[in-house]
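# Fold and contact review
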Amino acid sequence: MTSRPAFFLVSLAGLAFASAASADPRAQIRGELDGTLREQLVRAVGEVDGPPSNRFEARRRARGAMEAAEALLRSEGYYQPVLEDLVEGEDAPVAIVNVTPGPRFLLTTPVVNWVAPQPDAEIGGGVIEDIRLKAGEPGRAVDVIAAEGRLVAGLVRSGYADARAEPRRVVVDHAAQTVFPTYNIASGQLVRLDGIRLETRGPTNPDWVAGLAPWSEGDVYDPEDVAELERRLLETGVYDGVGVALAAAEQTNPDGNRPVIVSLTDRPRRILEAGATYSTAEGSGVDARWTWHNRFGRADTLVWDVRIADIDSRLGANLSLPHWRRPGQTLKLDTALVNEDTDAYERAALTLAADLQQRLGKTSWVSYGVGLDIGHYNENRFDPLTQLPINFDRDLYILTGRGSFYLDRSNDPLDPTTGWRLTASVQPTAVGGEDTVLFLRAESQATAYLPLQDNAKTVLAGRVRLGSIVGGEELTVPSDRLFYSGGGGSVRGYEYQGVGPRLPDNTPRGGLSLFETSLEVRRDVFGSFQAVAFVDAGAIGFQETPNFNNLRYGAGFGVRYKLPFGPIRADIAFPLDRREGDADFQIYVSIGQAF
C-alpha cells in the first residue's frame, strides 16, 4: 500500500512528465549551425502546447518563429542571414525555419564622445579603458549595450553621480561587415559631499547618524560610502527600513557640496516576547523578554530578560550600543542574577560583564572584555588523591578576561547549507574569596556544511569542539568553569552533563579538557519539512589536553520545520554505549539547527 506522501510525489512527477511531453517547439530549426547558436535559436523560437492542427496554423507558427530567429541572429551579430519559413506535411503539418546565418559582423574600435562638461582627463581615460569592447570581437548587441552601462557606472564610481548616457549611434556596415558603436556620455559635474540630512522624525539623534558617515565634508562622492552608511544603520537591528541617497543636484550648498538624505523607519519601541524549551535531558523552561529600542537615541537595544527553568534560571538586563566610538564596534553591558541547579553543582550569583565587539565583514566579529561573578557555590567534587567524593560550600568572586572571535563563511546565519564557521575564546581567570587560583580557559569550535545535491536538497553538516583549562587543578577550578558534555547542544542521547565519568553518587565529574564532534545528514523531504540523521561523540578529560580514551557516542534522527526566522527542531537520540543511570533515549525540542 502506497503512503499518501509517496503517492503525492509520484503524482507530481507524473504531471511534470506529462507537461514536458505535451510541449513542442513552435518550429523546427534547420540549417548548418554550430551547437551553441542552434540552442540559442531553439530557445528564442520557444515552445507551444501541441502540434499545429492544420497547414494554416503551421504557416503562422513558422512565420512567427522566423521573426524571433531573425531578431536573435541580429542581436548576436549576424546581420545578413537568409531565413525561410516552410511547412511540410498534409495530415500532420510541421512548421520549419531554415536558417543560413551568414557572416558574423565584427566590432570596430568604439568611440566615446563626452557631452560637455567633460570629466577629468585621467578619470575619463580610465573609464574608457574599462569599456571591454575590442575591435575584431563579435558585434553582439548585448555587449554594445553593456559597454555603455559600464561607462556610466565607472563615472559614478569616480564621483560623477549625475552621469548619464545620451542616445548612442551604432553603424552597421554591410559592405565591410562591421559594427561601429559611438557613445555619447554626459558626465555632469564632479560631486563632493556635504553632511547628512535626517528627514524622518523619530527618536534617533541626527548628530549620531552624522557620525556614522564614512566620509568627511568635501570628499568626492563614492556610492560605496553611501552603501556602507546604509549597512551601518541596518546592522543595528532597530530599524524596519533604512533609506540613504544622494540629494538632488539642485540641493547643492553654496560651497558646491551635496548632502546625503537619510530616512529611517523605526521598529516598535517596545517588544514583549515569550518562549519555551523542553528536553528530557535538560527539563523545561520558559522565557520572557522585554526589548526597548532606541531608548537613548543612538540605535541602542536594552533587553530585560527573565528565565525560569529546571537547570538555569535568571533575571537580567543587557544593553547594546552599536558603533560605540567607531563604526562597527558595539559595546555590550550585561548583568544578571543567576540560579543554576545542575547535577554537578548549585550556584547563586550576581554576574556583570562588559564587552567590545568589532564587526569583521557582514557576520564575523572579534570581541574582548571583562566579567565579574560574585556568588555562592555548592559543589560535589572528586578528590584525585583520596579517590573519594568531596563537597565544597564556598563563596567566590571570579574576575575573567574575555577574548573571542567568530568567523562566518556560511551562506545563511539561521539555516546554512554551504560554507564553514569558526569560533574561539580565551578566558584568563582569577578566583578569590574562600579559595584562590589563576587559570586560562580556552575553547574553539569549527562547523562545516557541504551540499550533496543541487539546490542543497541534501546537506552534510559537521562539527568539532575542543576545550582546555591550563594552570588550574580539577579541585580548585570552580565547577561552573570546568568542562561538561551531554545534552541537546553537545552529545545528544545523554542527559545534561551526562557524558564523562561520574562520582559514586552519580554526580557528573567536570574535567579540564573537552572533545566533541557531530555529523548530520539533513534532507529536505516535502514542503517545509526536513529529515535529519545524526551521530554525536564526546569525551571529558582530566588533563590539559583532550582525552579520547573515554569517548561516548549517541545517535538519532529528527525533523525540522522551516520558518522564515529559522527551523523548529525536534530530535530523538539514543546513547550507543549506555551506562547504568542513562536513559534509553532523550528528546529535544527547540528553535534552530543543532549547529
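Refer to the structure presented above.
Residues numbered from 1 in each chain as written. Predicted model: local features only at pLDDT ≥ 70, side-chain atom pairs only at ≥ 80, totals over all residues. Heavy atoms only, no water.

Turning to the sheet that holds strand S11 (residues 239-246), a few remarks are in order. Pairing in this open sheet of three strands is mixed, and the strands run S10-S12-S11 from one edge to the other. The open sheet has two edge strands, strand S10 (192-198) and S11, and neither has a second partner. Going from strand to strand, the sheet's axes swing by 20° on average, the running direction of each strand aside. (Pairing = 2+ DSSP bridges. Helix = DSSP H or I, 4+ residues; strand = E, 2+ residues; numbered from the N terminus. Axes fitted to C-alpha atoms, helices over the stretch in contact; angles between N-to-C directions.)

Right, let's talk about the pairing of strand S9 (residues 178-186) for a bit. Among the nine residues of S9, eight are classified as buried, and the element is accordingly described as predominantly covered. Across five bridges, strand S7 (residues 111-115) lies against S9 in parallel orientation. Residue pairing across strands places Trp 114 opposite Ile 185, the latter belonging to S9. The pairing of strand S8 (residues 164-173) with S9 spans eight bridges and is classified as antiparallel. (Buried < 20%, exposed > 50% of the residue type's maximum accessible area, 1.4 Å probe, protein only.)

For the structure on display, the rule yields 49 salt bridges. The partner of Arg 347 in a salt bridge is Glu 340, and the shortest N-O contact between them spans 2.7 Å. For the pair formed by Arg 347 and Glu 340, the shared burial category is buried. For Glu 495, the salt bridge identified is with Arg 502, shortest N-O distance 4.0 Å. With relative accessibility at 18%, the residue Arg 502 sits in the buried group. Where salt bridges share partners, they join Arg 492, Glu 520, Arg 522, Asp 536, Arg 560, Arg 569 and Asp 571 into one cluster. (Salt bridge = Lys/Arg side-chain N within 4 Å of Asp/Glu carboxyl O.)

It is worth spelling out the side chain of Gln 530 at this point. Structurally, the position occupied by Gln 530 is in strand S25 (residues 529-541). One polar contact links Gln 530 to Gln 593, side chain to side chain, over a distance of 3.1 Å. With residues near it in sequence (within four places) discarded, Gln 530 still touches Arg 522, Arg 523, Asp 524, Val 525, Gly 558, Val 559, Arg 560, Lys 562 and Gln 593. (Polar contact = N/O pair within 3.5 Å; in protein donor to acceptor, adjacent residues only side chain to side chain. Contact = heavy atoms within 4.5 Å.)

For any pair of aromatic rings, the description consists of the separation of the ring centres together with the inter-plane angle of the planes. By the definition in use, this model includes 10 aromatic pairs. Grouping aromatic residues by their ring pairs yields a cluster made of Trp 290, Trp 292 and Trp 304. A cation over a ring is seen here: Arg 509 above Phe 542, with NZ or CZ 3.7 Å from the ring centre. When the ring centre of Phe 595 is taken as reference, the NZ or CZ atom of Arg 522 above it lies at 5.2 Å. (Phe/Tyr/Trp six-rings, centres within 6.5 Å; stacked < 30°, edge-to-face > 60°. Lys NZ or Arg CZ within 6 Å of the ring centre and 35° of its normal.)

Glancing now at the layout of surface pockets. Space inside the second largest pocket adds up to approximately 490 Å³. Together, 19 residues line the second largest pocket, and Glu 235, Thr 236, Thr 330, Lys 332 and Gln 357 are the ones closest to its centre. Those elements that provide at least two residues to the lining of the second largest pocket are strand S16 (312-321), strand S17 (329-341), strand S18 (345-360) and strand S19 (364-383). When residues of the lining of the second largest pocket are assigned to their parent elements, the largest contribution, three residues, is made by S18. Of the residues assigned to the lining of the second largest pocket, the class counts are three nonpolar, 12 polar and four charged. (1 Å grid on protein atoms, 1.4 Å probe; cavity = no way out; pocket = protein on both sides within 12 Å on 5 of 7 lines; lining within 4 Å. Points joined across faces, edges and corners; volume = space filled by probe spheres on them. Nonpolar A, V, L, I, M, F, W, Y, C, P; charged D, E, K, R; others polar.)

Relative to the 24 Å expected for 17 residues at 1.5 Å per residue, helix H5 (residues 141-157) spans 25 Å between its end C-alpha atoms, a close match to the ideal helical length. For H5, the full list of buried residues reads Val 144, Ala 147, Glu 148, Leu 151, Val 152, Gly 154 and Leu 155. On an axial view of H5, the arc spanned by its buried residues comes to 160°, and they lie on one face. For H5, the secondary structure elements touched by its buried residues are strand S6 (106-107), S7, helix H4 (121-129), S8 and S9. At the C-terminal side of H5, Gly 159 shows a positive phi close to 110°. (Expected span 1.5 Å × (residues − 1). Arc of directions from axis to C-beta.)

Here we come to the sheet that holds strand S5 (residues 94-100). Reading across from one edge, S2-S5-S4 is the order of the three strands in this open sheet, with mixed pairing throughout. Where the open sheet ends on each side, the last strands, each with one partner, are strand S2 (28-30) and strand S4 (82-88). Between one strand and the next, the sheet's axes are offset by a mean angle of 25°, whatever the strand orientation. For S4 and S5, the ladder comprises seven bridges, and the chain directions are antiparallel. What sits directly across from Glu 88, in S5, is Val 94. Contacts between helix H2 (residues 35-45) and the sheet are confined to S2 and S5, with S2 contributing the most and set at about 150° to the helix. Each of S4 and S5 is contacted by helix H3 (residues 55-75), which is oriented at about 160° to S4, the strand it contacts most.

Moving on, we come to the packing of H4 against H5. Here H4 crosses H5 at 145°, and the two axes come no closer than 9 Å. When you trace H4 past H5, the crossing you get is right-handed. Every residue of H5 that contacts H4 at Ile 123, Val 127 and Ile 128 is listed here: Leu 151, Gly 154 and Leu 155. In terms of residue class, the contact of H4 with H5 is made up of five nonpolar, one polar and no charged. (Left-handed = near helix turned anticlockwise from the far one by under 90°.)

Quick look at the environment of Asp 49 now. Tracing the sequence through the fold places Asp 49 in the loop between strand S3 (47-48) and H3. Here the alpha-carbon distance between Asp 49 and Arg 26, two residues 23 residues apart in the chain, equals 8.9 Å.

Right, let's get into the pairing of strand S27 (residues 566-575). As judged from the 10 bridges shared by strand S26 (residues 552-563) and S27, these two strands associate in the antiparallel manner. By the bridge assignment, Lys 562 is partnered in S27 with Pro 567. Two elements, S27 and strand S28 (residues 586-591), share six bridges in a ladder whose sense is antiparallel. Bridging across to S28, Ala 573 finds its partner in Gln 586.

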